[in-house]
Structures are given as structure tokens and as C-alpha cells.
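Architecture and fold: a report
As a plain string of letters, each chain reads:
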Amino acid sequence: MGTLILRFANLILSGILAGALFAIMMAFNSKSISFPSYLVQQQNVIKAFNELMPLIGFAAIILTLVTAFKERGNKTIVVSLIAAAVLLILSGLITKFGNQPINTIVMTWNDSVVPKDWTALRDKWLTLHTVRTILSFLAFCIIGWSNIRR
């Protein structure tokens, strides 16, 4: 795969990842919605993205590392892309060990019984999601910068 195509694909995938996470953060940043509304909204997003988003994230990490390898003649670009990959990996770890365990719990809920700790879990999920969104956005910025830096 040509370096130009690889860099373009890396930019697109990391942009999709950061954009989707940002959109979710904006849509779910409401502490005023009722439990039934939250439950429907959250379960629908979990069903839609629980498998897709980690695949996009993994592909973005791989493309970032492969691009860094291809650009090995330019130390500034290599270091930048490795930093971006580390940010994406951290975002993935937050997803795997923070958000997804909460998602698993939320998928067991139904609207006939309101869990007493639902707001605490909602708030924890949102905090973790905000951190992974920021990390992914920073990675996207670095990847974009490395593309125009060339």
C-alpha cells in the first residue's frame, strides 16, 4: 500500500473514531433525562457500537503504527505517530476496562426496575467516555498534523 494511501486511510479512520466518540459525548451529556429515556438511548448505542467502535479503534492503531514504520526516515513524524498510537491504545484500554464493563451491566437493565446506582454508573461511564474522547481527538490531531507536516 502506498504511503500516501496509508496516511489518508489512517487520517480517515482516526477521524471517524474521534468524531463518533465526540458525537456520543455530546448526545449523552445530559443528566436531566429520566431513567427510561437513558436506558433506551444507552442500550441502542451499545448495540450499535459495542463491536464496531473497537474494530475501528484497533484498525486506527494498526494504521498509525504501520504509517510510523513507513515514515521511519523522519524522526519527528515517527515519534508523533507513536505518541498518537499510544493515545489510541489508552483510549482502547479505557473502553475495554472502564466503559465496556458498565455497558455489560446496562444491558441487563430493564425499565420496570430502576437500579439504585444507575446515576453513579451513568456519571462514571460519561467521565470515562470523556477521557477516551479527548485522547482519541488528540491522536487524530497528531495524525492530521503528521500528514500536513510531510
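Structure: above.
What comes next is a walk through the structure. (Residues numbered from 1 in each chain as written. Predicted model: local features only at pLDDT ≥ 70, side-chain atom pairs only at ≥ 80, totals over all residues. Heavy atoms only, no water.)

Focus on helix 2 (residues 35–49)
Operational definition: Only DSSP runs of H or I covering at least 4 residues are called helices, and only runs of E covering at least 2 are called strands; the numbering of each starts at the N terminus. To estimate how far a helix should extend, the number of its residues minus one is multiplied by 1.5 Å. Burial classes: relative accessible area under 20% of the type maximum marks a residue as buried, over 50% as exposed, and values in between as partly exposed (1.4 Å probe, protein chains only). The reported arc concerns the directions from the helix axis to the C-beta atoms and nothing else. Contacts between residues were defined by any pair of non-hydrogen atoms, one from each residue, lying within 4.5 Å.
For helix 2, spanning 15 residues, the distance from its first C-alpha to its last is 21 Å, which sits close to the expected 21 Å at 1.5 Å a residue. All of the buried residues in helix 2 are Phe35, Tyr38, Leu39, Gln42, Gln43, Val45 and Ile46. The arc that holds the buried residues of helix 2, viewed along the axis, is 165°, so those residues lie on one side. Turned more than 90 degrees away from the buried face of helix 2 sit Val40 and Lys47, all of them exposed. Buried residues in helix 2 make contact with helix 1 (3–27), helix 4 (75–106) and helix 5 (118–149).

Regarding the packing of aromatic side chains
Each aromatic ring pair is described using two quantities: the centre-to-centre distance and the angle formed by the ring planes. Rules: Here the aromatic set is Phe, Tyr and Trp, taking the six-membered ring for Trp, and pairing holds for ring centres within 6.5 Å; pairs whose planes are under 30 degrees apart are stacked, those over 60 apart are edge-to-face, and all others are tilted. Working rule: Lys NZ or Arg CZ, within 6 Å of ring centre, within 35 degrees of ring normal, means a charge sits over the ring.
A full pass over the atoms with the stated rule returns three aromatic pairs. When the centroid spacing of 5.7 Å and the interplanar angle of 50° are considered together, the rings of Phe35 and Trp109 count as tilted. One end of the pair, Phe35, is in helix 2; the other, Trp109, is in the loop between helix 4 and helix 5, and 74 residues separate them in sequence. The pair formed by Phe35 and Trp109 is uniform in burial state, with each residue classed as buried. Between Tyr38 and Trp118 the ring centres are 5.3 Å apart and the planes differ by 40°, which places this aromatic pair in the tilted class. Placement of Tyr38 in helix 2 and of Trp118 in helix 5 is noted, with a sequence separation of 80 residues between them. Over the face of the ring belonging to Phe69 we find Arg72, whose NZ or CZ atom lies 4.2 Å from the ring centre. When the ring centre of Trp118 is taken as reference, the NZ or CZ atom of Arg122 above it lies at 5.1 Å.

What to know about the side chain of Ser91
As for its position among the elements, Ser91 is in helix 4. Excluding residues within four positions of it along the chain, Ser91 makes contact with Leu21, Arg132, Leu135 and Ser136.

Comments concerning the pattern of salt bridges
Defined as follows: The term salt bridge refers to a pairing of a side-chain nitrogen on Lys or Arg with a carboxyl oxygen on Asp or Glu at a separation within 4 Å.
Scanning all chains against the criterion turns up three salt bridges. Across the salt bridge formed by Arg7 and Glu71, the nearest N and O atoms sit 3.8 Å from each other. Here Arg7, found in helix 1, pairs with Glu71, found in the loop between helix 3 (52–70) and helix 4; they are 64 residues apart in sequence, far enough to count as distant. Judged by its relative accessible area of 14%, Arg7 is buried. When its relative accessible area of 3% is taken as the criterion, Glu71 is described as buried. The residue Arg122 makes a salt bridge to Asp123 at a minimum N-O spacing of 2.9 Å.

Distances and angles like these do not, on their own, reveal function.
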